[in-house]
Amino acid sequence: MATENPFKSILKTLEKPGGDGHFGNYYSLPALNDSRIDELPYSIRILLESAIRNCDEFQVKSDDVEKIIDWKNTAPKQVEIPFKPARVLLQDFTGVPAVVDLACMRDAMNKLGGDSNKINPLVPVDLVIDHSVQVDVARSENAVQANMELEFQRNKERFGFLKWGSNAFNNMLVVPPGSGIVHQVNLEYLGRVVFNTNGVLYPDSVVGTDSHTTMIDGLGVAGWGVGGIEAEAAMLGQPMSMVLPGVVGFKLLGKLRDGVTATDLVLTVTQMLRKHGVVGKFVEFYGEGMSELPLADRATIANMSPEYGATMGFFPVDHVTLQYLKLTGRSDETVSLIESYLRANKMFVDYSEPQVERVYSSYLELNLEDVEPCVSGPKRPHDRVTLKEMKIDWHACLNNKVGFKGFAVPKESQTKVAEFTFNETPAKLRHGDVVIAAITSCTNTSNPSVMLGAALVAKKACELGLQVKPWIKTSLAPGSGVVTKYLQRSGLQKYLNQLGFNIVGYGCTTCIGNSGDINEAVASAITENDIVAAAVLSGNRNFEGRVHPLTRANYLASPPLVVAYALAGTVDIDFETEPIGITKDGTQIFFRDIWPSSEEIANVVQSSVLPDMFRETYNAITKGNPMWNGLSVPSGTLYSWDPTSTYIHEPPYFKDMSMSPPGSHGVKNAYCLLNFGDSITTDHISPAGSIHKDSPAARYLIERGVDRRDFNSYGSRRGNDEVMARGTFANIRIVNKFMNGEVGPKTIHIPSGEKLSVFDAATKYKTEGHDMIILAGAEYGSGSSRDWAAKGPKLLGVKAVISKSFERIHRSNLVGMGIIPLCFKDGEDAETLGLTGHERFTIDLPSNVNEIRPGQDIAVVTDNGKTFLCTLRFDTEVELAYFNHGGILQYAIRNLINAQH
């Protein structure tokens with residue numbers, strides 16, 4: 001059982017500057033008198049402090065502290081450590097299922113005789129409602145209000161449930177809809193940098209249920225994305241089990257050239273780190289280039305950690321961080337505490353002092369002067385294309401066979417022109433024409449230099465008489481109200497409006513798939529002529545089928561480039577040699593004519609972005625808005641489930657649960673439900689976007705009287721397990737090898753040979769009493785951290801996934817739901833082993849979990865006599881305990897009840 005903290009002797013008092021009292025007490029790393037700490041990367045020092053402060057010789061042991069201090073020697077050995085984050089961050093798509101699970105756990109606790117009120121977050125939980133803004137109305141002065149009203153009509157039940165949760169559970173802050181994007185709100189307002197809890201000071205650290213939680217790393221706060229299931233366990237005081245990561249040292253030199261943006265830098269860094277290989281690692285930035293890198297640029301780089309595959313892209317706190325904290329309205333007292341604590345605990349970087357060489361696992365270097373303007377696409381964030389090569393690359397993509405860089409458009413069709421009528425005016429559409437141009441996403445909307453840069457492009461374009469074609473769906477979705485304030489103060493918002501980039505709402509829009517419909521005439525022109533239409537967005541994700549079902553080419557670009565491509569109307573353009581537009585008098589206007597200099601942008605940022613804007617915005621944020629404040633919600637700590645609700649439904653995870661763990665289990669004579677290749681994303685497994693009219697989820701909703709126009713998105717219905725189970729593997733772009741090239745959410749029911757939707761096939765297998773597995777290639781589960789990508793397969797009846805490799809968060813989510821993750825041996829996969837997927841698979845695991853070791857070899861046997869070895873991807877003893885209990889939530893409930901008794 002837990003004992004007194006063995007490190008209490010290093011608990012010191014932090015005096016205020018000038019001897020004017022003290023801030024509080026803290027666990028002092030220098031007081032350990034261990035020279036190894038001086039060489040530790042800053043990111044590892046945060047793990048060390050957490051282990052020391054939480055050491056109870058039960059959940060966190062002295063041995064764990066020693067492993068972290070000896071990081072240089074232990075990290076290469078893949079040792080396991082526990083980590084307790086300071087807080088948990090949720091957004092509404094993941095917040096609803098988290099609160100559903102907490103409500104269910106209270107019910108289960110109640111039935112098992114425990115005190116249900118003990119189910120409460122034990123660490124602060126910040127929940128920002130930001131993922132429900134659908135761009136229904138665009139290019140309108142009234143877009144914000146119109147979209148907000150539609151948002152509340154669709155999501156009233158969800159919002160009411162979250163409001164109930166904020167009252168029913170302790171330690172939970174809910175930021176109402178219309179406030180901004182979770183990561184920008186986290187950066188500008190929620191990020192503490194240093195906590196002061198009951199007189200004890202410690203570094204802020206956070207795990208969030210969105211993979212772009214890493215954005216906060218730019219502020220020197222250690223944060224990363226975890227599965228919703230893991231986050232729920234962290235809320236309940238369970239330590240997260242993690243492998244002590246290697247740390248890649250990324251040295252930055254010089255400064256960006258004139259006209260090069262932070263987005264160009266992040267796309268370059270993403271490509272470099274993807275190539276280097278950083279999955280499961282921390283990346284820590286250092287070097288003289290740091291003093292030239294504004295915090296907003298750092299946050300942009302940190303944001304895209306999931307795209308380059310790292311757990312974190314970390315920027316230690318320095319003078320730039322402190323300046324940003326003051327800019328964003330943090331008080332002088334708070335900034336003084338942060339600086340004093342971090343300096344005292346050797347966690348502050350002072351570039352005016354000689355730098356001690358830190359040890360890293362590997363090293364990279366980039367001279368910022370070498371960064372060129374670029375975009376990424378058409379289907380993956382790390383497929384960077386420099387602007388000067390864009391036209392050549394586009395034509396190569398048209399020619400290439402279907403793949404990440406190919407559309408296989410026949411030569412004779414590449415010049416096809418689709419003629420249509422838009423608002424009674426003749427119009428034309430070609431391959432590569434832009435139909436969506438969105439300034440969106442947490443990646444860029446928190447960066448004033450690129451946002452004001454986009455506004456300056458708009459100003460120059462308007463003054464030269466350029467316009468955006470009226471059928472292009474343009475939108476601007478700021479990450480917080482601060483953006484609106486500085487755009488208005490600069491006098492530049494009117495130029496964005498003139499080009500159709502009106503503000504549509506404050507939240508996560510196009511990047512998550514909330515693009516809304518495009519004009520019917522445009523949609524028909526695309527589908528009837530098989531046009532490869534393009535979307536250009538300032539986001540971080542461009543996987544196929546994510547942004548919009550009809551945009552097969554999706555390019556990530558800086559906000560100013562989004563405006564430029566909207567003006568050009570096509571991605572099939574060489575900005576160096578071809579005009580971006582022609583004025584009414586026939587003058588050719590080129591890209592260089594509308595592109596602002598870095599100095600122009602810096603001057604507008606300096607005069608327009610002020611601390612009072614942040615204070616005003618965030619003082620009002622917790623007061624809500626009339627629509628939110630008008631929601632009436634039930635009182636009481638147990639939720640009254642409505643069986644007819646299509647938004648909030650009690651899931652079956654704890655049905656028939658007893659106090660005895662079910663134990664380990666293998667898989668017997670399972671059929672393969674789906675047979676995949678590489679890079680199956682969580683968007684493929686559990687889409688967040690629109691519900692297709694012919695899907696099993698649509699059928700379920702129609703049967704319950706829901707009109708098609710009220711379907712809303714899968715993301716908004718994550719509180720209903722019936723909808724989400726039917727939405728599992730429902731992505732319209734999914735490629736299943738069983739379907740011989742046919743794209744879409746279908747599979748073959750092997751015993752009968754029937755072609756069925758995935759949900760119907762799984763239901764049939766379950767009815768027949770058969771186990772199911774999934775075969776997959778490399779990077780299974782890449783993309784957004786999405787708990788439903790594990791919960792959905794569990795509800796379908798999937799027992800195991802065998803792949804070449806797993807994305808980090810998704811593997812832990814599968815473990816959390818009791819699904820067995822297995823990896824083929826190096827150099828092997830379904831193809832090399834001659835597996836067609838039509839076999840039946842048996843996976844023998846010992847019934848006693850104590851006989852299983854993390855990472856051991858497991859034999860898989862097929863009914864046609866094949867046997868092959870796989871690596872069992874339960875990576876830690878704690879994960880085996882979750883498996884033994886049937887999942888992480890069941891483990892947490894039994895532990896809480898045992899502790900009460």
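Residues numbered from 1 in each chain as written. Predicted model: local features only at pLDDT ≥ 70, side-chain atom pairs only at ≥ 80, totals over all residues. Heavy atoms only, no water.

- As recorded in an unreviewed UniProt entry, the chain goes by Aconitate hydratase and comes from Cicer arietinum.
- In its Function (unreviewed entry) section, the UniProt record describing the chain reads: "Catalyzes the isomerization of citrate to isocitrate via cis-aconitate."
- Under Cofactor (unreviewed entry), UniProt gives the following word-for-word description of the chain: "[4Fe-4S] cluster". (UniProt positions renumbered as here; feature names shortened; annotations may be inferred.)

**With respect to unusual backbone geometry**
- In the segment running from Gly377 into Pro378, the intervening peptide bond is cis, with an omega of 10 degrees.
- Looking at the secondary structure, you find Pro378 in the loop between strand 16 (374-376) and strand 17 (384-386).
- Positive phi outside glycine occurs at Asn33, with the angle close to 50 degrees.
- By secondary structure assignment, the location of Asn33 is in the loop between strand 2 (22-27) and helix 1 (36-39). (Helix = DSSP H or I, 4+ residues; strand = E, 2+ residues; numbered from the N terminus.)

**Observations concerning the packing of aromatic side chains**
- Going through the model one piece at a time under the given rule, you end up with 29 aromatic pairs.
- With a centroid separation of 5.8 Å and an interplanar angle of 35 degrees, the aromatic rings of Phe676 and Phe729 are classed as tilted. With Phe676 in the loop between strand 26 (667-675) and helix 25 (682-685) and Phe729 in the loop between helix 27 (721-726) and strand 27 (746-749), the pair connects residues that are 53 residues apart, well separated along the chain. Residues Phe676 and Phe729 agree in their burial class; the two are buried.
- Connected via pairs of aromatic rings, a cluster forms that spans Phe161, Trp164, Phe169, Tyr639 and Trp641.
- Here Arg380 stacks its cationic end above the ring of Phe404, 3.9 Å away from the centre of that ring. (Phe/Tyr/Trp six-rings, centres within 6.5 Å; stacked < 30°, edge-to-face > 60°. Buried < 20%, exposed > 50% of the residue type's maximum accessible area, 1.4 Å probe, protein only. Lys NZ or Arg CZ within 6 Å of the ring centre and 35° of its normal.)

**Quick look at the packing of helix 9 (residues 262-276) against helix 10 (residues 295-303)**
- At their nearest, the axes of helix 9 and helix 10 sit 9 Å apart, and the two run at 35 degrees to each other. By crossing handedness, the relation of helix 9 to helix 10 is classed as right-handed. Only Asp297, Thr300 and Ile301 of helix 10 make contact with helix 9, whose side of the interface consists of Ala262, Leu265, Val266 and Val269.
- Class assignment for the residues of the contact of helix 9 with helix 10 results in 5 nonpolar, 1 polar and 1 charged. (Axes fitted to C-alpha atoms, helices over the stretch in contact; angles between N-to-C directions. Left-handed = near helix turned anticlockwise from the far one by under 90°. Contact = heavy atoms within 4.5 Å. Nonpolar A, V, L, I, M, F, W, Y, C, P; charged D, E, K, R; others polar.)

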